[in-house]
Amino acid sequence: MQTRGVIYIHSSPPAVCPHVEWAIGRVLERSGSAARQGVKLGWTPQDAEHGTMRAERPWTGHAGMGAEFAKALAQWPMLRFEVTEDPSAGVDGERIMHVPGRGVYRAAMSAGGDIMIAEDRIRALLATTTSAEALRSGLDQLLGLDWDRELKPYRQASGGTEQSWLSQVG
């Protein structure tokens, strides 16, 4: 079952950039990709954090591959990144965000890119909150609002960023 998504590396120290490419390449190799020649992301300076680099790359592959990319990237706690995976037949899409000091946020994503919160999580929140402010705070947490706020300045598009697809073969 093929799907696609995007890997956004919002900020990485320059010395870590080759390691990020190798990690992405290893995920592609394990999935049977022809990426053995190596992954090159086309890094550009990150204006939101002096001295760091940014890159983004669309990918195609099997359902669940977005989580594999995120797991590989989470080895470097200083990275700011997002990985998206589009929904595919019988599988929800996903959005995974990582912010240093905050860790990983993972949520189901609709075809339109909206975060989807499971009914049981909403019911649990309603059962445990005692005020409107606690409900608002709980919903913000379920929606990953703190991650969004921290990543917002890093999401600025870079005009000359190279766009090519990372593909799983087979």
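Notes on the structure in this doc start here.

It is worth spelling out the overall build of the protein chain at this point. Each helix and strand counted, the protein chain has five helices and eight strands in total. What you see in the protein chain, going N to C, is helices and strands ordered as β-α-β-β-α-β-β-β-β-α-α-α-β. Expressed as a percentage of the 170 residues in the protein chain, the buried residues total 44%. Pairs at least 24 residues apart make up 64% of the contacts formed inside the protein chain by residues separated by at least 6 positions. A total accessible area of about 9,000 Å² is found for the protein chain, and carbon and sulfur atoms account for 53% of it.

This part is about the side chain of S11. Position of S11 relative to the elements: it lies in strand β1 (residues 2-12). Among the polar contacts made by the side chain of S11, one reaches the side chain of E49 at a distance of 3.5 Å. If we ignore the near neighbours within four places in the chain, the residues touching S11 are Q46, E49, T52, M53, M78, L79, R80 and Y154.

Moving on to the nonpolar core. I9, V20, I24, L41, W43, F69 and L73 are the most contacted members of the largest nonpolar core, which totals 26 residues. Taken together, the elements giving at least two residues each to this core come down to β1, α1 (17-30), β3 (53-62), α2 (65-73) and β4 (80-85). Contacts of L41, omitting those with residues within four sequence positions, involve I9, V20, E21, I24, A55, E56 and R57. In terms of nonpolar packing, the next biggest core, distinct from the first, is built from seven residues, M97, A107, I115 and L151 among them.

Here the focus is the environment of A108. Structurally, the position occupied by A108 is in strand β6 (residues 103-109). For the pair A108 and E94, spaced 14 residues apart in sequence, the C-alpha separation works out to 4.5 Å.

Following both chains from N to C, one finds helix α3 (residues 119-128) and helix α4 (residues 132-142) inclined at 155°, their axes separated by 10 Å at the closest point. Overall, the two elements α3 and α4 adopt an arrangement that is roughly antiparallel. Between α3 and α4 lies a crossing whose hand is right-handed. Contacts from R121, L125 and L126 in α3 reach L135, G138, L139 and L142 in α4. Of the residues assigned to the contact of α3 with α4, the class counts are five nonpolar, one polar and one charged.

The tally for this structure, following the rule as stated, stands at two aromatic pairs. Here the aromatic rings of W59 and F69 are separated by 5.3 Å at their centres, their planes lie at 65°, and the arrangement is edge-to-face. Residue W59 is located in strand β3, and its partner F69 is located in helix α2; the two are separated by ten residues in the primary sequence. Overall, W59 belongs to the buried group, its relative accessible area being 0%. On the basis of relative accessibility, which here comes to 1%, the residue F69 falls in the buried class. Measuring from ring centre to ring centre gives 5.3 Å for Y105 and W147, while their planes differ by 35°; the resulting arrangement is tilted. With Y105 in strand β6 and W147 in helix α5 (residues 145-151), this pair connects stretches of sequence that are 42 residues apart.

The next point concerns the pairing of β4. Burial analysis of β4 places six of its six residues in the buried class, the great majority of the element. Both faces of β4 are covered, namely the face carrying R80, E82 and T84 and the face carrying F81, V83 and E85. Alignment of β1 against β4, held across six bridges, turns out to be antiparallel. Pairing of I7 across the sheet is with V83, part of β4.

Procedures and definitions
Residues numbered from 1 in each chain as written. Predicted model: local features only at pLDDT ≥ 70, side-chain atom pairs only at ≥ 80, totals over all residues. Heavy atoms only, no water. Helix = DSSP H or I, 4+ residues; strand = E, 2+ residues; numbered from the N terminus. Buried < 20%, exposed > 50% of the residue type's maximum accessible area, 1.4 Å probe, protein only. Contact = heavy atoms within 4.5 Å. Areas by Shrake-Rupley, 256 points an atom, 1.4 Å probe, with all protein chains shown as cover. Polar contact = N/O pair within 3.5 Å; in protein donor to acceptor, adjacent residues only side chain to side chain. Core = buried A, V, L, I, M, F, W, Y, C linked by side-chain atoms within 4.5 Å. Axes fitted to C-alpha atoms, helices over the stretch in contact; angles between N-to-C directions. Parallel < 35°, antiparallel > 145°, perpendicular 65-115°, else oblique. Left-handed = near helix turned anticlockwise from the far one by under 90°. Nonpolar A, V, L, I, M, F, W, Y, C, P; charged D, E, K, R; others polar. Phe/Tyr/Trp six-rings, centres within 6.5 Å; stacked < 30°, edge-to-face > 60°. Pairing = 2+ DSSP bridges.

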